[in-house]
Amino acid sequence: WEEKSQSLRDRMQTMFKRQAREPRWEELDGRDRVRRLYRQFLKRHPEEKNKTAREALSQSASYQRKESESFIHLYEQARYSDHEISTQEADQLRQTIK
C-alpha cells in the first residue's frame, strides 16, 4: 500500500504542480526581452512556427518592412550573437511593433 499511495501522491503533485511564472518585463535583460517579443509573435501567429524567424517576420502582414527588419536584426542578435542588447533597444522595439 505504501508504494501505491506514494505513487498516487507523486502523480497528484505533478498534476497540480504550479507552473513557473514568467518573469516580469522589467526583470528581463535586453536579450530576453527581444526573445519574449518573438515568442509572443509566435503565439499570435501559430502558422509561422515552422519557419525561421527571418522568414516569419519578413512575410508577416502584421508589420511594415522597416519594423520587421529591425525586429529581425534584434532577434538574430539576441539569439545567435554574443553582443549585448540594451533594455532601451528592446523597449523601443516593443513600442514600434505594438
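The structure under discussion appears in the preceding block.
If you're wondering where the values come from, they're calculated on a predicted model, not measured in any experiment.

**Section: the side chain of R33**
- Its place among the elements puts R33 in helix α2 (residues 30-44).
- In this structure R33 comes out as buried when scored by relative accessible area, which is 7%.
- Within the structure, R33 has its side chain in polar contact with the backbone oxygen of W25 (distance 3.1 Å).
- At a separation of 3.5 Å, a polar atom in the side chain of R33 contacts the main-chain carbonyl oxygen of E26.

**Re the pattern of salt bridges**
- Following the criterion strictly, the structure yields five salt bridges and no others.
- Close ionic contact of R36 with E22 constitutes a salt bridge, the shortest N to O distance being 3.1 Å. Note that R36 is positioned in helix α2 and E22 in the loop between α1 (2-15) and α2, a separation of 14 residues in sequence.
- On the basis of relative accessible area, R36 is assigned to the buried category, the value being 8%.
- Judged by relative accessible area, E22 falls into the partly exposed class, the value being 41%.
- Between R54 and E76 there is a salt bridge, with the nearest N and O atoms lying 2.8 Å from each other. Of this pair, R54 sits in helix α3 (residues 53-59) while E76 sits in helix α4 (residues 65-80), and the two are 22 residues apart along the sequence.
- The exposure class of R54 is partly exposed, given its relative accessible area of 41%.

Cut-offs applied
- Residues numbered from 1 in each chain as written.
- Predicted model: local features only at pLDDT ≥ 70, side-chain atom pairs only at ≥ 80, totals over all residues.
- Heavy atoms only, no water.
- Helix = DSSP H or I, 4+ residues; strand = E, 2+ residues; numbered from the N terminus.
- Buried < 20%, exposed > 50% of the residue type's maximum accessible area, 1.4 Å probe, protein only.
- Polar contact = N/O pair within 3.5 Å; in protein donor to acceptor, adjacent residues only side chain to side chain.
- Salt bridge = Lys/Arg side-chain N within 4 Å of Asp/Glu carboxyl O.

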